[in-house]
Amino acid sequence: MKSQRSLPAIAAVAVLMLTLTGCGGNTPAEAPGEPSATVSPSPVANTAAPAPSPTATAEAQVIQGTGSYVGQIDSHSIEIETEEGPTAFELAAGTESVLEGLEMEDPVVFEYVEKPVEGDPSVVQRILSKLSKAEEGAAPVTKLPETRTMKLTLEGMAEEKSAALADGEGYSLYVFDIFTFDAASNRLSMKVDPDYYAEIKKLPSDFNLDLLEQEGRKKLSATGKVTALSKEERDLRMSDLQLYLTATGSGLTRQTIVKEIDGQGYMIELNIPQREASEGFGPHVYASLDSIVSR
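Residues numbered from 1 in each chain as written. Predicted model: local features only at pLDDT ≥ 70, side-chain atom pairs only at ≥ 80, totals over all residues. Heavy atoms only, no water.

## Examining the packing of aromatic side chains
What counts is decided by this rule: By convention, a stacked pair of Phe, Tyr or Trp rings (six-membered ring in the case of Trp) has centres within 6.5 Å and planes under 30 degrees apart, an edge-to-face pair has planes over 60 apart, and any other such pair is tilted. A run of DSSP states H or I qualifies as a helix once it reaches four residues; a run of E qualifies as a strand once it reaches two. Both are numbered from the N-terminal end. Exposure classes here rest on a 1.4 Å probe applied to the protein chains alone. A residue is buried below 20% of its type maximum, exposed above 50%, and partly exposed in between.
For the structure on display, the rule yields seven aromatic pairs. Seen in terms of ring centroids, Tyr171 and Phe181 are 6.4 Å apart; in terms of plane orientation they differ by 75 degrees. Their pairing is edge-to-face. Of this pair, Tyr171 sits in strand S8 (residues 171-175) while Phe181 sits in strand S9 (residues 179-182), placing them 10 residues apart in sequence. Across the pair, exposure class does not vary: Tyr171 and Phe181 are buried alike.

## Considering the pattern of salt bridges
Note the following rule: The term salt bridge refers to a side-chain nitrogen of Lys or Arg lying within 4 Å of a carboxyl oxygen of Asp or Glu.
Taken as a whole and assessed by the stated rule, the structure comprises nine salt bridges. In this structure, Arg275 and Asp195 form a salt bridge, with 3.0 Å as the shortest nitrogen-oxygen distance. In this pair, Arg275 sits in the loop between strand S15 (264-273) and helix H4 (278-289) while Asp195 sits in the loop between strand S10 (187-190) and strand S11 (197-202), placing the two residues 80 residues apart along the sequence. On the accessibility criterion, Asp195 (41% relative accessible area) is partly exposed. A salt bridge links Asp290 to Lys259; the nearest nitrogen and oxygen atoms lie 2.7 Å apart. Taken together, the residues Asp290 in the loop between H4 and strand S16 (293-294) and Lys259 in strand S14 (residues 252-261) connect sequence positions 31 residues apart. Residue class for Lys259 comes out buried when judged on its relative accessible area of 1%. Here the residues in one salt-bridge network are Asp193, Asp195 and Arg275, joined through shared partners.

## Considering H4
Defined as follows: To estimate how far a helix should extend, the number of its residues minus one is multiplied by 1.5 Å.
An ideal rise of 1.5 Å per residue puts 16 Å on 12 residues; H4 measures up with 16 Å between its terminal C-alpha atoms. Taken as a whole, H4 has its buried residues at Phe281, Gly282, His284, Val285, Tyr286, Ala287, Ser288 and Leu289.

## What about the sheet that holds strand S7 (residues 157-167)?
The condition that has to hold: At least two bridges found by DSSP between two strands are what make those strands a pair. Contact criterion: two residues are considered in contact whenever any of their non-hydrogen atoms come within 4.5 Å of each other. A fitted line through C-alpha atoms serves as each axis, taken over the contacting stretch for helices, and the angle formed by two N-to-C directions is quoted from 0 to 180°.
As summarised here, the arrangement of the four strands in space is S6-S7-S8-S16, forming an open sheet in which the pairing is antiparallel. With one partner strand each, in any of the chains shown, strand S6 (147-154) and S16 form the two edges of the open sheet. When S7 meets S8, the two strands line up antiparallel, connected through four bridges. Residue Leu165 lies in a different strand from S8, and its bridge partner there is Tyr174. Contacts from H4 reach S6, S7 and S8, with the element oriented near 140 degrees to S6.

None of this, on its own, says anything about what the molecule does.
This is the structure in structure tokens:
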């Protein structure tokens, strides 16, 4: 009798379960172990404005130069003796093959650009874009940079200062911002006191150094006792000096200098009053005069 009463109860439970399932909605139950379906979101149109392209930087200025090939520093750089002295250059793609035809001290012509070193903009990297052996008898064409950083000693301290390129009569030189340069008179003078000046004269190819010394001594004797500096003393002031005469009188020093650059001579006469600007004039004017390049 007990088992008979259980059957209606079981049936009732089954009916109740079916009813509850039907009330749960139309979505079938997921099968065990089967991943649930995911609905992909509808794509949304990108209405944002496109990011602006980076502004193209101005092309680096191409500088032309001439010099003497020194040799390879490593697989990607070489050294060339230029007007500034031994200078290192990075090899750009396509310039490496030229090295096979070069010997030490061969004259070369080249083009390069200057790029600041990342993290230290005061240091520049010179990258060669063209390099070739100079043809014998060919007149070198050199495009000098518009500015140049030069070393000088001020009040006992070594400093680096920038100077701008200026053209004189058959030559170029670099001029510091404390100077003005008059190309018509070939005079380099201080802005704060124009009585501090240097006058530059390009000499003929057959200039006579002994005769220039005689004339210089005679002219300077009107200022005071004339002294000629030795080679060691000349080299402390500038390079390539053939003659350095100086005379000091009452509140004034005058000097006559002969400088020879690759066979081309220049006579330079300096007027140096003994006033407040004296200390700064010497280092600046000697550095500028030492940058002279024949054109």
